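Residue-level structure breakdown
Chain by chain, the residues run as shown.
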Amino acid sequence: MRSPAPRSYRYYEFVMVAFVIILVCSNLIGPAKIAQVDAPVLGPLSFSAGALFFPVSYVFGDVLTEVYGFARSRRVIWSGFAALAFASFMAFVIVKLPPAPFWKNQDAYEIAFGSTWRTASSSLVAYCCGEFVNSYVLAKLKIRTEGKHLWMRTIGSTLCGEAVDSLLFYPLAFYGSGVIPDDKLPMIMAAQFLLKVGVEVVFTPLTYKIVAWLKRAEHEDYYDRGTDFTPFSLKA
């Protein structure tokens, strides 16, 4: 007896591409610039500019798991991992290539796109763990809440995923490196975590609209009952 053909979707690949683009751009373009804003009550806040856009990948991760389920979200997470790993490798190779004598922008290029293997590998580990935690928590909360209170699932899963991401990335990338004083790491981690979760909260109304539209368009509202939640699979 033949197994049933896998379900095809109209927009799944588009959501996947959007997720990967946002992930790669926020990790490749944003980290080189440190921005500062004057926040009410808190005063001046400094942060990596990429932190404004990286949480959008969690928004798309929430949408993927909510509509298509954990297994299909897992495939997208691994796609993002492969894209991010290749982008890091490509940036490393291009930065290391000897510049032409008449090209005077090597120092600026290294600042914008250069990163150590420690930073790149830490980013990959933190991304992978954070995204899988985010997807897992959302899938489990959807079953627990019987599909109600989407805001609780998206924000709750992001709190868990971003916490794992921040707790892994900053110590792995910077502890003992001298780049950031070790005693300042907890403050920076907390600031980045709050900023990322804040972006998720701001995007919640848009998440509602995207999820509702996709569920209608795809005729899908997946519940992960009986799902194998191992991250080490590409099976959908």
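Residues numbered from 1 in each chain as written. Predicted model: local features only at pLDDT ≥ 70, side-chain atom pairs only at ≥ 80, totals over all residues. Heavy atoms only, no water.

For the chain, an unreviewed UniProt entry supplies the name Probable queuosine precursor transporter and the organism Pendulispora rubella. One UniProt comment on the chain, placed under Function (unreviewed entry), says "Involved in the import of queuosine (Q) precursors, required for Q precursor salvage." (UniProt positions renumbered as here; feature names shortened; annotations may be inferred.)

**A short note on the overall build of the chain**
If you tally the helices and strands in the chain, you get eight helices and two strands. Shown N-terminal to C-terminal, the secondary structure of the chain runs as helices and strands in the order α-β-β-α-α-α-α-α-α-α. Relative to the compact-globule value of 18 Å for 236 residues, the chain shows a C-alpha radius of gyration of 19 Å, a close match. Counting only C-alpha atoms and orienting by the principal axes, one finds that the chain spans roughly 65 × 50 × 30 Å. Counting every position in the chain, which comprises 236 residues, the buried fraction comes to 42%. Look at the contacts in the chain between residues 6 or more apart in sequence, and 78% of them connect residues 24 or more apart. For the chain, the accessible surface area stands at approximately 13,300 Å², while carbon and sulfur atoms represent 69% of it. On the chain, the mean spot of the 22 positive side-chain charges and the mean spot of the 18 negative ones are 7 Å from each other. (Helix = DSSP H or I, 4+ residues; strand = E, 2+ residues; numbered from the N terminus. Rg over C-alpha atoms; globule rule 2.2 N^0.38 Å. Buried < 20%, exposed > 50% of the residue type's maximum accessible area, 1.4 Å probe, protein only. Contact = heavy atoms within 4.5 Å. Areas by Shrake-Rupley, 256 points an atom, 1.4 Å probe, with all protein chains shown as cover. Lys, Arg positive; Asp, Glu negative; His and termini not counted. Charge placed at Lys NZ, Arg CZ, Asp CG, Glu CD.)

**Details of the UniProt feature "transmembrane region" (unreviewed entry) in the chain**
Residues annotated in UniProt with the feature "transmembrane region" (unreviewed entry) correspond here to residues 12-29, 41-64 and 76-97. Secondary structure content for residues 12-29 is 94% helix and 0% strand, and the end C-alpha separation is 26 Å. Secondary structure content for residues 76-97 is 95% helix and 0% strand, while the C-alpha to C-alpha distance between its ends is 32 Å.

**So, the pairing of strand β1 (residues 34-39)**
Sheet topology note: the β1/strand β2 (residues 43-48) ladder contains six bridges and is antiparallel. Residue Ala35 lies in a different strand from β2, and its bridge partner there is Phe47. The antiparallel pairing of β1 with β2 creates a hairpin that spans three residues between the two strands, and Val41 there sits at a positive phi of about 70°. (Pairing = 2+ DSSP bridges.)

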